[in-house]
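The residues making up each chain are set out below.
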Amino acid sequence: MTRERYNPKETEPRWQAAWEEKQLFSTSNDDSRPAYYVLEMFPYPSGRIHMGHVRNYTLGDVLARYKRAKGFSVLHPMGWDAFGMPAENAAMQNKVHPGEWTWANIASMRNQLKPIGLSLDWAREFATCDPSYYKHQQRLFIDFYKAGLVDRKTAKVNWDPVDHTVLANEQVIDGRGWRSGAVVEQRELTQWFLRITRFADQLDNALDSLDRWPEKVRTMQRNWIGRSEGLLVRFAIANAAATPGADGQRDLKVYTTRPDTLFGAAFIGIAADHPLARTLAAQNPALASFIADIRKTGTAQEAIDKAEKRGFDTGLRVAHPFDPDWTLPVYVANFVLLEYGTGAIFGCPAHDQRDLDFARAYDLPVTPVVCPPGVEPATFLIGDEAYDGEGQLINSRFLDGMSASDAYEEVARRLETAQLDGAAVGERKVNFRLRDWGISRQRYWGCPIPMIHCDACGVQPVPVDQLPVTLPEDVSFDKPGNPLDRHPTWSKVDCPNCGAPARRETDTMDTFVDSSWYFARFTDPWNAGAPTTATAVARFMPVDQYIGGVEHAILHLLYSRFFTRAMKETGHVDLEEPFTGLFTQGMVVHETYRDASGAWTEPGDVRIESSGADRRAIHVKTGEPVSIGPIEKMSKSKKNTVDPDDIIAAYGADTARWFMLSDSPPERDVIWTDEGVQGAWRFVQRVWRITQEVASLEAGSGDGPSPVARALRKAAHHAIAAVSDDIEKLRFNRCVAQIYELANAIQSAINNATESGDGSVDVVDALREANAILIQLLAPMMPHLAESCWEALGRKELVATAPWPVHDPAMLVEDEITLPVQVNGKRRADITVARDADRATIEQAALAEDGVKRAIGDAAVKKIIIVLQRIVNVVI
Ligand code: ANZ
Ligand code: ZN
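Residues numbered from 1 in each chain as written. Chains lettered and ligands numbered in written order. Predicted model: local features only at pLDDT ≥ 70, side-chain atom pairs only at ≥ 80, totals over all residues. Heavy atoms only, no water.

You'll find the chain entered in an unreviewed UniProt entry as Leucine--tRNA ligase, with Camelimonas lactis given as the organism. Word for word, the UniProt comment on the chain under Sequence similarities (unreviewed entry) is "Belongs to the class-I aminoacyl-tRNA synthetase family." Check the Subcellular location (unreviewed entry) section of the UniProt entry for the chain; it says "Cytoplasm". (UniProt positions renumbered as here; feature names shortened; annotations may be inferred.)

A.B. asks: It is not clear to me how the domain arrangement of the chain should be interpreted in this structure. Could you clarify?
C.D. replies: It is common to give the size of an interface as the accessible area lost on bringing the parts into contact. Segmentation of the chain into domains returns domain 1 (32-149 + 198-222 + 442-447 + 508-586), domain 2 (152-194), domain 3 (227-432), domain 4 (588-654), domain 5 (675-812) and domain 6 (816-875). Put simply, the middle of domain 1 and the middle of domain 3, counted by C-alpha atoms, are 44 Å apart. (Domains from an automatic or database assignment.)

A.B. asks: Looking at this structure, how should I read the packing of aromatic side chains?
C.D. replies: Aromatic rings in a pair are described by how distant their centres are and how their planes are angled relative to each other. Across all of its chains, the model carries 44 aromatic pairs by this definition. Between F83 and W445, the ring centres sit 4.9 Å apart and the planes meet at 80°, which makes this aromatic pair edge-to-face. Of this pair, F83 sits in the loop between strand 2 (73-75) and helix 3 (85-94) while W445 sits in the loop between strand 20 (440-441) and strand 21 (451-454), and the two are 362 residues apart along the sequence. Note on Y651 and W681: the rings are 5.8 Å apart at their centroids and 65° apart in plane angle, and the pair reads as edge-to-face. One end of the pair, Y651, is in helix 18 (residues 644-651); the other, W681, is in helix 20 (residues 674-696), with 30 residues separating them in the sequence. Three or more aromatic residues joined by ring pairs make a cluster, and in this case those are F42, F126, Y133, W517, Y518, F519, F522, Y546 and F579. Cation over ring: K114 sits above W122, and NZ or CZ is 4.8 Å from the ring centre. In this arrangement the basic side chain of R795 is found over the ring face of W790, its NZ or CZ atom lying 4.3 Å from the centre. (Phe/Tyr/Trp six-rings, centres within 6.5 Å; stacked < 30°, edge-to-face > 60°. Helix = DSSP H or I, 4+ residues; strand = E, 2+ residues; numbered from the N terminus. Lys NZ or Arg CZ within 6 Å of the ring centre and 35° of its normal.)

A.B. asks: I keep staring at the pattern of salt bridges and nothing clicks. Help me out?
C.D. replies: Once their charged atoms are close, side chains differing in charge can pair, the charge on each being opposite to the other. In total, this model carries 49 salt bridges according to the counting rule given. Across the salt bridge formed by E591 and R615, the nearest N and O atoms sit 2.5 Å from each other. Of this pair, E591 sits in strand 28 (residues 588-594) while R615 sits in the loop between strand 29 (606-610) and strand 30 (616-619), and the two are 24 residues apart along the sequence. Overall, the relative accessible area of 29% leaves R615 in the partly exposed class. When salt bridges with common partners are traced through the structure, they connect D725, D726, K729, R731 and R734 into a single cluster. (Salt bridge = Lys/Arg side-chain N within 4 Å of Asp/Glu carboxyl O. Buried < 20%, exposed > 50% of the residue type's maximum accessible area, 1.4 Å probe, protein only.)

A.B. asks: Honestly, the site of ligand 1 in this entry has me stumped. Any pointers?
C.D. replies: Close to ligand 1 lie 17 residues, the nearest being S228, T256, T257, L337 and Y340. Contact distances for ligand 1 include 2.7 Å between an oxygen atom and a side-chain N or O atom of S228. Within the side chain of Y340, a nitrogen or oxygen atom sits 2.3 Å from an oxygen atom of ligand 1. Protein contacts shield 85% of the accessible area of ligand 1, which totals 640 Å² for the unbound molecule. For the shell around ligand 1, the elements supplying multiple residues, two or more each, are strand 9 (251-256) and strand 13 (344-347). Classifying every residue of the shell around ligand 1 gives 8 nonpolar, 6 polar and 3 charged. (Near = heavy atom within 4 Å. Polar contact = N/O pair within 3.5 Å; in protein donor to acceptor, adjacent residues only side chain to side chain. Areas by Shrake-Rupley, 256 points an atom, 1.4 Å probe, with all protein chains shown as cover. Nonpolar A, V, L, I, M, F, W, Y, C, P; charged D, E, K, R; others polar.)

A.B. asks: Is there a simple way to explain unusual backbone geometry in this structure?
C.D. replies: A negative phi angle is the norm for most residues apart from glycine, just as the trans form is the norm for most peptide bonds. Look at the link from L467 to P468: it is a cis peptide, with omega at 0°. As for its placement among the helices and strands, P468 is situated in the loop between strand 22 (458-461) and helix 13 (483-486). A cis amide bond links M541 to the next residue, P542, at an omega of -5°. Relative to the assigned elements, P542 resides in the loop between helix 16 (534-540) and strand 26 (545-549). In this structure, D174 takes a positive phi of about 50° despite not being glycine. By relative accessible area, D174 is classed as exposed at 75%. Residue N395 is not a glycine yet carries a positive backbone phi of 50°. The exposure class assigned to N395 is partly exposed, which follows from its relative accessible area of 46%.

A.B. asks: Please explain empty space enclosed by the protein as it appears in this structure.
C.D. replies: A probe matching the size of a water molecule, rolled over the atoms, marks out where space remains unfilled. What the rule picks out here adds up to 4 cavities of 30 Å³ or more. Volume-wise, the largest cavity comes out at about 160 Å³. Secondary-structure elements contributing two or more residues to the lining of the largest cavity are helix 2 (51-69) and helix 24 (783-792). Roughly 130 Å³ of internal volume is contained in the second largest cavity. Around the second largest cavity, the lining is made up of 15 residues, and of these M92, R179, R443, P480 and G481 lie nearest the centre. (1 Å grid on protein atoms, 1.4 Å probe; cavity = no way out; pocket = protein on both sides within 12 Å on 5 of 7 lines; lining within 4 Å. Points joined across faces, edges and corners; volume = space filled by probe spheres on them.)

A.B. asks: Explain the environment of N744 here, please?
C.D. replies: Inspection of the secondary structure assignment puts N744 in helix 22 (residues 732-756). For N744, a relative accessible area of 39% corresponds to the partly exposed category. As for N744 and K639, which are separated by 105 residues in sequence, their C-alpha atoms are 38 Å apart.

A.B. asks: Hey, could you run me through the nonpolar core in this one?
C.D. replies: Considering soluble globular proteins, one finds that nonpolar side chains tend to be buried as a cluster. Formed by 169 residues in total, the largest nonpolar core has its most connected members in Y518, F563, W672, I727, I746, L778 and M781. One finds I291, F312, A344 and A407 within the second-largest nonpolar core, a separate group that totals 42 residues. (Core = buried A, V, L, I, M, F, W, Y, C linked by side-chain atoms within 4.5 Å.)

A.B. asks: I would appreciate a short explanation of the sheet that holds strand 31 (residues 625-633) in the present structure.
C.D. replies: The pairing of strands in a sheet comes from backbone hydrogen bonds and takes either a parallel or an antiparallel form. Ordered by their spatial adjacency, 5 strands build an open sheet running 29-30-31-28-32, and the pairing between neighbours is mixed. Two strands lie at the open edges of the sheet, namely strand 29 and strand 32 (670-671), each paired on one side alone. For strand 28 and strand 31, the ladder comprises 6 bridges, and the chain directions are antiparallel. Pairing of T592 across the sheet is with G629, part of strand 31. (Pairing = 2+ DSSP bridges.)

A.B. asks: How do you make sense of the packing of helix 2 against helix 19 (residues 653-662) when you look at a structure like this?
C.D. replies: How two helices sit against one another is set out by the angle between their axes and by the gap between those axes. Two elements in contact, helix 2 and helix 19, have axes whose closest approach is 10 Å; the angle formed by their N-to-C orientations is 90°. Of the possible angle classes, the one that applies to helix 2 and helix 19 is roughly perpendicular. Seen from helix 2, the contacting residues are M51, V54, R55, T58, L59, D61, V62 and R65; seen from helix 19, they are R657, M660 and L661. The residue makeup of the contact of helix 2 with helix 19, split by class, is 6 nonpolar, 1 polar and 4 charged. (Axes fitted to C-alpha atoms, helices over the stretch in contact; angles between N-to-C directions. Parallel < 35°, antiparallel > 145°, perpendicular 65-115°, else oblique. Contact = heavy atoms within 4.5 Å.)

A.B. asks: Would you mind showing me how to read the coordination of the zinc ion (ligand 2) here?
C.D. replies: By definition of the ideal shapes, four donors in a tetrahedron about a metal sit 109.5 degrees apart, and six donors in an octahedron sit 90 or 180 degrees apart. For the zinc ion (ligand 2), the full set of protein donor atoms is C454 (SG), C457 (SG), C495 (SG) and C498 (SG), and the range of their distances to it is 2.1 to 2.4 Å. Its 4 donor atoms give the zinc ion (ligand 2) angles of 106 to 114° at the centre, a pattern that matches the tetrahedral case. Ordering the donors of the zinc ion (ligand 2) by residue number gives the pattern C-x2-C-x37-C-x2-C. For C457, a relative accessible area of 25% puts it in the partly exposed group. (Donors = N, O, S within 2.8 Å, 3.2 Å for Na, K, Ca; no water. Tetrahedral: all angles 85-135°; square planar, octahedral: opposite > 155°, others 65-115°.)

And the structure:
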């Protein structure tokens, strides 16, 4: 019999065509089966599919195929997150229109995705840069606007004074514009905001209910939202009259989460842009220039945290709330943020590190007020480190001896009742770190914000029946800045309210908006009249399993959660949480190589010469040695990428999929190695060979039940149960291990049947059953190979349409047990007996073994010790 090698080049396109022809993966919106929605984060059309994509989509595909086999109507769509800066950069560099560049990339990436054999519903494909998509996004924006979820306010932007353009944070490198190299300035611009803070509390609370999300992602979200409970405290200004610019100022409000430390207060800090700082600076040129100076640090939290603590003593003093004779200096300080709390703090150097650094720099008193447990208050001193732990109050008058939490309550209670100018001094307040979401971008390649500015009527939304507001095609990128601003006609429009000449908004939306609701659009991308269709949303949403990179753990997921709530409030969906299950996959990593000159060298140019401890590599072209560097995330800059196209061309998609799934748990990084790929390739061939062998087995003589057959059936049914469970839990590397085991069991049964000639009817039946199970279990992972094997078994239908195998619970019960048999303490044999076998049966079986008989020889058996279910010892 001829055994042909499995040839993916021939089979893979054939099976893809067969699936396509039968439209197996297009999902109907009206189907009586239960729905299951699996979604991978859609790609940005950068131009090439990389291994990270392959991993992401393969993970989702396994689940989609499995759920389909389990009888679900599975929604598994694909689209393109297609707006964004790289297209504009390409336009500037290569003189190609961003749209042209983007659509060309989409076409080539789609061509790269298809050969992977993903079970995607391509009928639902869309790109966010398509007016038929962003039209609905504009509609959502207008509905949010009407519902009070949109705000227009001033905010700081990074301004490049040479290019005359606004820069995104990632375009500011070490304080300079990425293209011009000019020192970036902060400018105030009026911008559009989505009021995500309206839902801050909900977004925080609901994290508890997301029990199918990784804990680390929930924690990251929680930290980002940053809920804190504290107290607003008003400090009376003590010397307003004596301080130029402070006339009429009566109090200064601070936010604190540690009112218990109030007696440790050493100063007041206000933000550079605090209104009081501004009025004081108007009368104080030295302060004004100090403020101008610290503004250069920018607004990024990281930069602020890193910057040296600096302040300017304004001369203003405030009274301590519990002691009118105790006054504190007011500084403008660079570490106090305008947008948090009230933009003003009281500094307690002993118990806050920033305050301590500040106090040391400006020679302010450091009075500890919380003494750590077990430390003698008299000896407790603060050195370079603030103490932020628990303890007992000291140096704090009426609070002395209390715990920090009791002291917190006591201060809060007293200040809530204390009065200053007819209002309470203290007020409890929950604060959030979360800020409203500024979505204005001064760029071309984004969704136009559908608003019109009229001198007479103010801001007006574009009437819904005039949507979409489309981007003009005739734009140039030869100058920096936003081409929409300098387009001769695009922004000229009549006011929808009074008809007078008015001006279109030229800002476009942050691309995070585009990805904040695409999952809802996938449920009915054909609805031309509205963003969503209620029945379709009800059928598929929320997404049952969302899969993507952990780099999106904060913003994308938070914005999507906000959008879902905002869409609920405006009647577009009827749910709050978009993703019930979230899985964050690890990265694909690879060794790095450098040639003799230190230049990064591609894996394709490297040959590993020897393995083990003295692994060495050479350059295939020059024969020169190549040094092997650390394993790192695949990246173009280090040239340690492997192109999916090359792998598929050499081995086929199944090999790539299998290796990707097999090597490590999906949440961890997977190290791409040539040996690993080879191993996967060998397994593909092995499954093919096994299947052909089983298909050609002819049942020989012997009927009646065979123990070999029984053991094989048990292995197969055990594998069904284990693989199903592991797929449900996305533990794909464990599925792979189970499948290897089953393949081994089948192989040894084949060997047994062919060598001993015991191809009894029962054994051949069991082999056929186990082989079919093997193929079905690996079908979600290696779908093409599975189809070829299925066909070789003589099945007429596609395995992609076969129902998932069901295990027989009776097969999972362990009913036999293997016991070692010793003779005078030395192991001589193993016996397999029924788990509940009695002593007599076990003795008989033990004494019947050849090895045992030989060891006993002529001696008399004195006794036989049986430890049930453990061991048998024959004493002679
Ligand atoms: C006095 C104090 C004493 C504080 C102490 C801390 C420790 P979270 O938990 O993040 O809400 N703070 C308040 N507003 C600020 C602003 N705009 N810029 C910089 N810091 C600000 O942090 C609240 C604490 O951060 C507040 O409690 C305040 O300092 C500071 F031993 O007040 B605390
Ligand atoms: Zn008007």
